[in-house]
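# Inside the fold
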Amino acid sequence: MGCFQTSPSHSWLYPTVILCIFGFFSMMRPSEPFLIPYLSGPDKNLTSTEMTNEIFPVWTYSYLVLLFPVFVLTDYVRYKPVIIVQGMSFIITWLLLLFGQGVKAMQAVEFFYGMVTATEVAYYAYIYSVVSPEHYQKVSSYCRSVTLVAYTAASVLAQLLVSLAKLSYFYLNIISLASVSVAFLFSLFLPMPKKSMFFHAKPSKDIQKPSNTNAVLEECQEHETPGCDEEKPTSEIPAPLGKLGDGPKPKHATVRVFVQWFQDLKECYSSKNLFYWSLWWALSTAGFNQVLNYVQVLWDYKAPSQNSFIYNGAVEAIATFGGAVAAFAVGYVKVNWDLLGELALAIFSVVNAGSLLLMHYTADIWACYAGYLLFKAGYMLLITIAVFQIAANLSMERYALVFGINNFIALVIQTIVTVIVVDQRGLNLPIRIQFLVYGSYFAVIAGIFLMRSTSIIYSAKCQKKLQSSALSQNPYRPQSEGPRDVIPGTTL
């Protein structure tokens, strides 16, 4: 048996390889770009109204209900069991998608897909419990990159099979079922972690702050968080699980973790810088997920799949690749994000709003595709900047915690939008009008951050004038260091 043992220096290779294989096959789902044509075609024969107003909202509701319990349970059971549950949920989802019939069966599909997305957190958190901190950046880039490659490859494969081989959408789902089944089998071979971030954490001396590059790589795609008081340097930020303050500590470990979470969140969100970046994160992620959930319905409305050639796979591949390039390129842009970051949020939110309004007003499917490409690239670029700004001065634990809360708030906002705009019990708007609402939603986000950025830039200019005036009146007086609550510009 000794020949199967690995040295400590190579112990990170085995779990990383198995996790990347799981990630690749779980994302290798060529049926996804053509979900709406499949559901509206002869296989399922569902109407656009049934899909939009009765079926798809179930995913949002199930995701919301499951997210927080799964987030807590994932850490408590140490990741692997939740990854296995995710693999099982994938298989159930595609079995129902292939062999279920009617609205109720498709609602069950959406429920189990909500389980898939809620348990996704385990995939990205697992690796930090089985590798040493010096490998965090490397393995997280592998895990993120392999999912992007798999999704892009699946989209290209789907387009080729549909356009050239004239393959039925049913067989695309067969390929997806086979792929997620392979992912499930590999999840069984993951080593069981001995520790986790919160409930089974090591002493605080072992906790290290994640690198900025690592944080950016983890949040390029979709979609995972936090900062603390700007006035405190990193060394002064309390360890997340170390000290609970001067008061008595709760004796029960679970209660102690929840108390620590509350204190960490209270301190982190007291930072205006983190609060506003997190606000943009939550608002934009809610809108982004809503658009992704319904964009294929809009495409089918603009160019019905039964009457025209469709290029959903190619568009998804280009959008994913373009978004990844945009997120990568921002790492080489040197900007004072503390001064101009919220102006960038406002400008690109205007671009996102314009893209969605274009998708609403145009009758040309190619213009609609172009609007989607621009929208997705803009969001992925900004979410990369937001992740860097939020995570720059946080420990891994606080990063994960604020990430989870931001995503939970985004999901609450998305649920409210779904209930009002989409659901039968709400306005029950047709798909074209929905995108008018989504475009207006991003216009409101742009307005909020345009006012905020104007205030920041005006305050900075006023402070600079005051300093120049004071220096001209007393040229021999040492120059002031400036206000303590202004963070020096950071560059990516």
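Before reading further, recall that the structure is shown in the block above.
These remarks concern the structure in this document.

Calculation notes
Residues numbered from 1 in each chain as written. Predicted model: local features only at pLDDT ≥ 70, side-chain atom pairs only at ≥ 80, totals over all residues. Heavy atoms only, no water. Helix = DSSP H or I, 4+ residues; strand = E, 2+ residues; numbered from the N terminus. Buried < 20%, exposed > 50% of the residue type's maximum accessible area, 1.4 Å probe, protein only. Phe/Tyr/Trp six-rings, centres within 6.5 Å; stacked < 30°, edge-to-face > 60°. Lys NZ or Arg CZ within 6 Å of the ring centre and 35° of its normal. Contact = heavy atoms within 4.5 Å. Expected span 1.5 Å × (residues − 1). Arc of directions from axis to C-beta. Salt bridge = Lys/Arg side-chain N within 4 Å of Asp/Glu carboxyl O. Bend = angle between axes of the 7 residues up to and from the residue. Axes fitted to C-alpha atoms, helices over the stretch in contact; angles between N-to-C directions. Left-handed = near helix turned anticlockwise from the far one by under 90°. Nonpolar A, V, L, I, M, F, W, Y, C, P; charged D, E, K, R; others polar. Patch = residues over 30% accessible without salt bridge, like charges linked within 9 Å, V, L, I, M, F, W, Y side chains within 5 Å. Areas by Shrake-Rupley, 256 points an atom, 1.4 Å probe, with all protein chains shown as cover. Core = buried A, V, L, I, M, F, W, Y, C linked by side-chain atoms within 4.5 Å. Parallel < 35°, antiparallel > 145°, perpendicular 65-115°, else oblique.

The subject of this paragraph is the overall build of the protein chain. Regarding its fold elements, the protein chain presents 16 helices and 0 strands. Across the 492 residues in the protein chain, those meeting the buried criterion constitute 52%.

So, about the packing of aromatic side chains. Tallied over the entire structure, the rule returns 25 aromatic pairs. On the numbers, 6.2 Å between centres and 25° between planes, the contact of Trp-280 with Tyr-379 is stacked. Remark: Tyr-379 occurs in helix H14 (residues 365–391) and Trp-280 occurs in helix H11 (residues 272–302); sequence separation between them is 99 residues. Residue Trp-280 shares its accessibility class with Tyr-379, and that shared class is buried. Chaining the aromatic ring pairs together yields one cluster made of Trp-280, Phe-288, Phe-375, Tyr-379, Tyr-441 and Phe-442. Against the face of Tyr-276 rests Arg-452, its NZ or CZ located 3.9 Å from the ring centre.

This part covers the environment of Ala-314. Along the chain, Ala-314 falls in helix H12 (residues 312–329). Those residues in contact with Ala-314 that sit more than four places away from it in its chain are Ser-155 and Gln-159.

What follows is about helix H10 (residues 253–269). Along its 17 residues, H10 runs 24 Å from first to last C-alpha, staying within 8% of the 24 Å computed at 1.5 Å per residue. Among the residues of H10, those classed as buried are Val-257, Gln-260, Trp-261, Asp-264, Leu-265, Glu-267 and Cys-268. Down the axis of H10, the smallest arc covering the buried residues is 165°, so these residues share one side. Structural note: H10 exposes Phe-262 and Lys-266 on the side pointing more than 90 degrees away from its buried face.

This brings us to the pattern of salt bridges. When their charged atoms lie close together, side chains carrying opposite charge are able to pair. Going through the model one piece at a time under the given rule, you end up with 4 salt bridges. Its salt-bridge partner being Glu-342, residue Arg-452 comes within 2.8 Å of it at the nearest N-O pair. With Arg-452 in helix H16 (residues 431–473) and Glu-342 in helix H13 (residues 337–361), this residue pair connects regions lying 110 residues apart in the sequence. Asp-423 is the partner of Arg-425 in a salt bridge, and the nearest nitrogen-oxygen pair spans 2.9 Å. Residue classification places Arg-425 among the exposed positions, given a relative accessible area of 72%.

The first and last C-alpha atoms of helix H3 (residues 48–76) sit 41 Å apart over 29 residues, in line with the 42 Å expected at 1.5 Å per residue. At Leu-67, H3 shows its strongest bend, of approximately 40°, with the proline Pro-69 following within four residues. Following H3 by one or two positions, Arg-78 adopts a phi angle in the positive range, close to 70°.

With that settled, consider the packing of H3 against helix H5 (residues 102–118). Relative to each other, H3 and H5 sit at 35°, their axes nearing to 7 Å. For the pair H3 and H5, the crossing hand works out as right-handed. Taking contact as the criterion, the partners of Glu-50, Glu-54, Ile-55, Phe-56, Val-58, Trp-59, Ser-62, Tyr-63, Leu-66, Leu-67 and Val-70 in H3 are, on H5, Val-103, Met-106, Gln-107, Glu-110, Phe-111, Tyr-113, Gly-114, Met-115, Thr-117 and Ala-118. Class assignment for the residues of the contact of H3 with H5 results in 14 nonpolar, 4 polar and 3 charged.

A grouping of Tyr-14, Leu-185, Leu-188 and Phe-189 is seen on the molecular surface, where their side chains present a nonpolar patch of about 420 Å² in accessible area. Assignment of secondary structure puts Leu-185 in helix H8 (residues 169–187).

Right, let's talk about the nonpolar core for a bit. In this structure, Trp-280, Trp-299, Met-359, Phe-435 and Tyr-438 are the most contacted members of the largest nonpolar core, which totals 129 residues. Ranked by residues supplied to this core, first place goes to H14 with 15 residues. Sequence-distant contacts of Met-359, defined by excluding residues within four places in its chain, comprise Val-295, Leu-298, Trp-299, Lys-302, Cys-368, Gly-371, Tyr-372 and Phe-435.

Time to look at unusual backbone geometry. The backbone phi angle of Asn-45 is positive, close to 55°, even though this residue is not glycine. Take Asn-45: it is sitting in the loop between helix H2 (35–40) and H3. Classification of Asn-45 as exposed rests on a relative accessible area of 60%. The phi dihedral of Arg-78 falls on the positive side, at around 70°, and the residue is not glycine.

On to the packing of helix H1 (residues 13–27) against helix H7 (residues 136–163), then. Relative orientation of the contacting elements H1 and H7 amounts to 25°, with a least axis distance of 8 Å. Viewed along their axes, H1 and H7 adopt a mutual orientation that is roughly parallel. Regarding H1 and H7, the two cross each other, and that crossing is right-handed. Packed against H1, whose contacting residues are Thr-16, Leu-19, Cys-20, Gly-23, Phe-24 and Met-27, the element H7 presents Val-139, Tyr-142, Cys-143, Val-146, Thr-147, Ala-150, Tyr-151 and Ala-154 at the interface.

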